[in-house]
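Survey of secondary and tertiary structure
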Amino acid sequence: MPTYLETRRMLLRPFTEADADVLAALHGDPQVMRFIDTGLPVPREEVERETLPRIIREYRELPPGLGRFAAEERDSGAFLGWFALRPADSVGLSDGIELGYRIRSQAWGQGYATEGARALIRHAFLGLGLTEIVATTMAVNVASRRVMEKAGMAYVRTFVEEFPAPIEGAEHGDLEYVVRRSGWDRRTG
């Protein structure tokens, strides 16, 4: 399996069809999905039928170096989640390249999200020649906000979107973060 990117503790690689079980477990975890989309776990059938095929298809459709990449622990090979650099499509973001991540709840609090976010930002600027990375999270998702800040991203704005079925905390809005190559501190990456 080709490696997309390496960090001190992780390998990031393209997803394959063999990842259906681990991806379904990640997207099916209520804790992981609490602040994402509908706030509900994604059914396994949807992950197998839509999510995983879309991730794999994006490797062909997006510019080289962009997409979602499976994160594995270097030493054990255990699946940790995924990291992404993709055209911004989260609610409230209209353009740019977006940083995303989703980590198994069992791996929370161990610094993997920050390590991966920093590595992707570094790769975006030094490897892909990008000039700006954006990200968003719900205002109530303090852990995700902290990851963005530790990765060198700066708060830009709070915005409130109308959702058909808002999840708990939506009334506090979402936050946009950005990091630009011109102001990026390589020491944080």
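Described below are features of the structure shown in this document. Predicted model, so just to flag it, every value in this text is computed and none were measured.

1. Section: unusual backbone geometry
Positive phi is not limited to glycine here, since aspartate 37 has a value of about 50°. When you line up the elements, aspartate 37 lands in the loop between α2 (30–33) and α3 (44–61). Aspartate 37 sits in the exposed class, given a relative accessible area of 62%.

2. Side note on the side chain of threonine 137
Assignment of secondary structure puts threonine 137 in strand β6 (residues 132–138). The buried category is assigned to threonine 137, whose relative accessible area is 6%. Among the polar contacts made by the side chain of threonine 137, one reaches the side chain of asparagine 141 at a distance of 3.4 Å. Not counting the four nearest positions on each side in its chain, threonine 137 is found in contact with Ser144, Arg145, Met148, Asp174 and Leu175.

3. Remarks on helix α4 (residues 112–127)
For α4, spanning 16 residues, the distance from its first C-alpha to its last is 21 Å, which sits close to the expected 22 Å at 1.5 Å a residue. In terms of burial, α4 is largely enclosed, as twelve of its 16 residues are buried. Where α4 terminates, the next one or two residues include glycine 129, which has phi positive at roughly 70°.

4. A few points about the sheet that holds β6
Sheet strands line up and pair through hydrogen bonds in the backbone, either parallel or antiparallel. One open sheet accounts for eight strands, arranged β1-β2-β3-β4-β5-β6-β8-β7; its pairing is mixed. In this open sheet, the two strands that pair with only one neighbour each are β1 (5–6) and β7 (154–159). Where β6 lies against strand β8 (residues 174–180), seven bridges are found, and the strand directions are antiparallel. Opposite alanine 135, over in β8, you have tyrosine 177 as the bridge partner. Contacts from helix α1 (residues 20–27) reach β4 (79–87) and β5 (97–103) within the one sheet, and its direction differs from that of β4 by about 85°. Sheet contacts for α4: β1, β2 (10–14), β3 (67–73), β4, β5, β6 and β8; angle to β4, the most-contacted strand, approximately 35°.

The rules behind these values
- Residues numbered from 1 in each chain as written.
- Predicted model: local features only at pLDDT ≥ 70, side-chain atom pairs only at ≥ 80, totals over all residues.
- Heavy atoms only, no water.
- Helix = DSSP H or I, 4+ residues; strand = E, 2+ residues; numbered from the N terminus.
- Buried < 20%, exposed > 50% of the residue type's maximum accessible area, 1.4 Å probe, protein only.
- Polar contact = N/O pair within 3.5 Å; in protein donor to acceptor, adjacent residues only side chain to side chain.
- Contact = heavy atoms within 4.5 Å.
- Expected span 1.5 Å × (residues − 1).
- Pairing = 2+ DSSP bridges.
- Axes fitted to C-alpha atoms, helices over the stretch in contact; angles between N-to-C directions.

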